[in-house]
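Here is what each chain is made of, one letter per residue.
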Amino acid sequence: DAKTTQPPSMDCAEGRAANLPCNHSTISGNEYVYWYRQIHSQGPQYIIHGLKNNETNEMASLIITEDRKSSTLILPHATLRDTAVYYCIVRVVGGTGNQFYFGTGTSLTVIP
Amino acid sequence: SAVISQKPSRDICQRGTSLTIQCQVDSQVTMMFWYRQQPGQSLTLIATANQGSEATYESGFVIDKFPISRPNLTFSTLTVSNMSPEDSSIYLCSVEAGFSGNTIYFGEGSWLTVV
């Protein structure tokens, strides 16, 4: 079952940083935080994941609070093509039976 | 990453019929997952399919309605049986891949409309 809380929608001006928050107050010590996005009519796309340290890749940065109860996905320079639904998921890595359960996500609209 | 192909990409089905969706992966993977996404909704996990064992179904999904096959490490099928309009959804195949199996990747989905 989904263990995360996200705002249902957000707007961001094109070229600005988009900061998408996620609360996961019941996260366990061995659960990672994952972010996916789904552009309309497409399958979800992996963005980034992390355990406790901040992570950065070519798509985004992930900032996890020290107590790990919340995180923020940062798209540094949002473009119109970043308009999508963004899902924050917590999941144990390794072993069997560790599925990805999706919550309702945040619908991000990038405005020209 | 993994490249995942689903067939059909889109179909219109008659009420009461069954349709089998195929999922082909370009590399061998242990775990495959089937999701459903109803119109305007988030993704719901239907079942986990491991090669060589019976699929494990989530609460609310049963094998008689959604039989799954997993004959090898690169292929799986999901059948939607005795369809009704409520089964109109996107059905998505995903696989666990990446270093230490730490990420899942999705196909583009199969859009089913039941009339």
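The structure under discussion appears in the preceding block.
Below is a summary of the structure that appears in this document. (Residues numbered from 1 in each chain as written. Chains lettered and ligands numbered in written order. Predicted model: local features only at pLDDT ≥ 70, side-chain atom pairs only at ≥ 80, totals over all residues. Heavy atoms only, no water.)

So, the overall build of chain B
Broken down by element type, chain B carries zero helices and 11 strands. Secondary structure of chain B in N-to-C order comes out as β-β-β-β-β-β-β-β-β-β-β. Here the C-alpha radius of gyration of chain B, 13 Å, is about what a compact globule of 115 residues would show, namely 13 Å. Each of the three principal axes of chain B carries a C-alpha extent, and together these read 40 × 25 × 20 Å. The buried share of chain B, taken over its 115 residues, is 52%. (Helix = DSSP H or I, 4+ residues; strand = E, 2+ residues; numbered from the N terminus. Rg over C-alpha atoms; globule rule 2.2 N^0.38 Å. Buried < 20%, exposed > 50% of the residue type's maximum accessible area, 1.4 Å probe, protein only.)

Some details on the interface of chain A and chain B
Interface size is often expressed as the accessible area that is lost when the parts come together. Counting from both sides, the interface comprises 20 residues of chain A and, opposite them, 22 residues of chain B. Of the roughly 1,600 Å² buried between chain A and chain B on both sides combined, carbon and sulfur atoms contribute 54%. Counting across the interface, chain A meets chain B through one salt bridge. Our count for the contact surface shared by chain A and chain B stands at seven residue pairs in polar contact (both at pLDDT 80 or more). Among the elements of the structure, strand 3 (31-38), strand 4 (45-50) and strand 8 (84-92) of chain A are those that each provide at least two residues to the side of chain A that touches chain B. With three residues, the top contributor of residues to the side of chain A that touches chain B is strand 3 of chain A. (Contact = heavy atoms within 4.5 Å. Buried area = accessible area lost by both parts, 1.4 Å probe. Salt bridge = Lys/Arg side-chain N within 4 Å of Asp/Glu carboxyl O. Polar contact = N/O pair within 3.5 Å; in protein donor to acceptor, adjacent residues only side chain to side chain.)

Details of the sheet that holds strand 7 (residues 68-72) of chain B
Residue and element names in this part refer to chain B. Taking strand neighbours across the sheet as the criterion, the four strands line up as 1-3-8-7 in an open arrangement whose pairing is antiparallel. Single-partner strands in this sheet number two, and they are strand 1 (4-7) and strand 7. Taken pair by pair, the neighbouring strands of this sheet meet at an average axis angle of 15 degrees, ignoring direction. (Pairing = 2+ DSSP bridges. Axes fitted to C-alpha atoms, helices over the stretch in contact; angles between N-to-C directions.)

Considering the sheet that holds strand 4 of chain A
All names here are of chain A. Spatially, the five strands line up as an open sheet ordered 1-9-8-3-4, and their pairing is mixed. Pairing within the sheet leaves two strands with one partner each, and these edge strands are strand 1 (9-13) and strand 4. The average angle at which neighbouring strand axes cross in this sheet is 25 degrees, direction not considered. Here five bridges tie strand 1 to strand 9 (residues 106-111), and the two strands are oriented parallel to one another. Paired with A13 across the two strands is I111, which belongs to strand 9.

Details of the state of the cysteines
Residue and element names in this part refer to chain A. This structure, assessed with the given rule, holds two disulfides over all chains. The residue that forms a disulfide with C22 is C88, at a sulfur-sulfur distance of 2.1 Å. Judged by the sign of its S-S torsion, about -85 degrees, the cystine formed by C22 and C88 is left-handed. In this pair, C22 sits in strand 2 (residues 18-23) while C88 sits in strand 8, placing the two residues 66 residues apart along the sequence. Accessibility expressed as a relative area gives 1% for C22, which makes it buried. (Disulfide = S-S within 2.5 Å.)

Observations regarding the pairing of strand 9 (residues 89-97) of chain B
Residue and element names in this part refer to chain B. With respect to burial, strand 9 is a largely interior element, nine of its nine residues being buried. Where burial is concerned, the two faces of strand 9 agree: the one with S89, Y91, C93, V95 and A97 and the one with I90, L92, S94 and E96 are both buried. In this structure, strand 4 (residues 31-37) lies alongside strand 9, joined through six bridges in antiparallel fashion. Residue pairing across strands places Q37 opposite I90, the latter belonging to strand 9. Where strand 9 lies against strand 11 (residues 110-114), three bridges are found, and the strand directions are antiparallel. Residue S89 lies in a different strand from strand 11, and its bridge partner there is L112. Of the pairings in the sheet, the one linking strand 9 to strand 10 (residues 103-106) comprises four bridges and is antiparallel in character. Residue V95 lies in a different strand from strand 10, and its bridge partner there is Y105.

Regarding the nonpolar core
One finds W34, I46, Y57, F66, I68, L78 and Y91 of chain B to be the most contacted residues of the largest nonpolar core, which totals 28 residues. Those elements that place two or more of their residues in this core are strand 3 (19-25), strand 4, strand 5 (44-50), strand 8 (75-80), strand 9 and strand 11 of chain B. When near neighbours in sequence (up to four residues on either side) are disregarded, Y57 of chain B contacts I46, A47, V62, I63, F66, P67 and I68 of chain B. Listed in part, the 21 residues of the second largest apolar core include W35, A60, L75 and V110 of chain A. (Core = buried A, V, L, I, M, F, W, Y, C linked by side-chain atoms within 4.5 Å.)

Treat this as a map of the structure, not an account of what it does.
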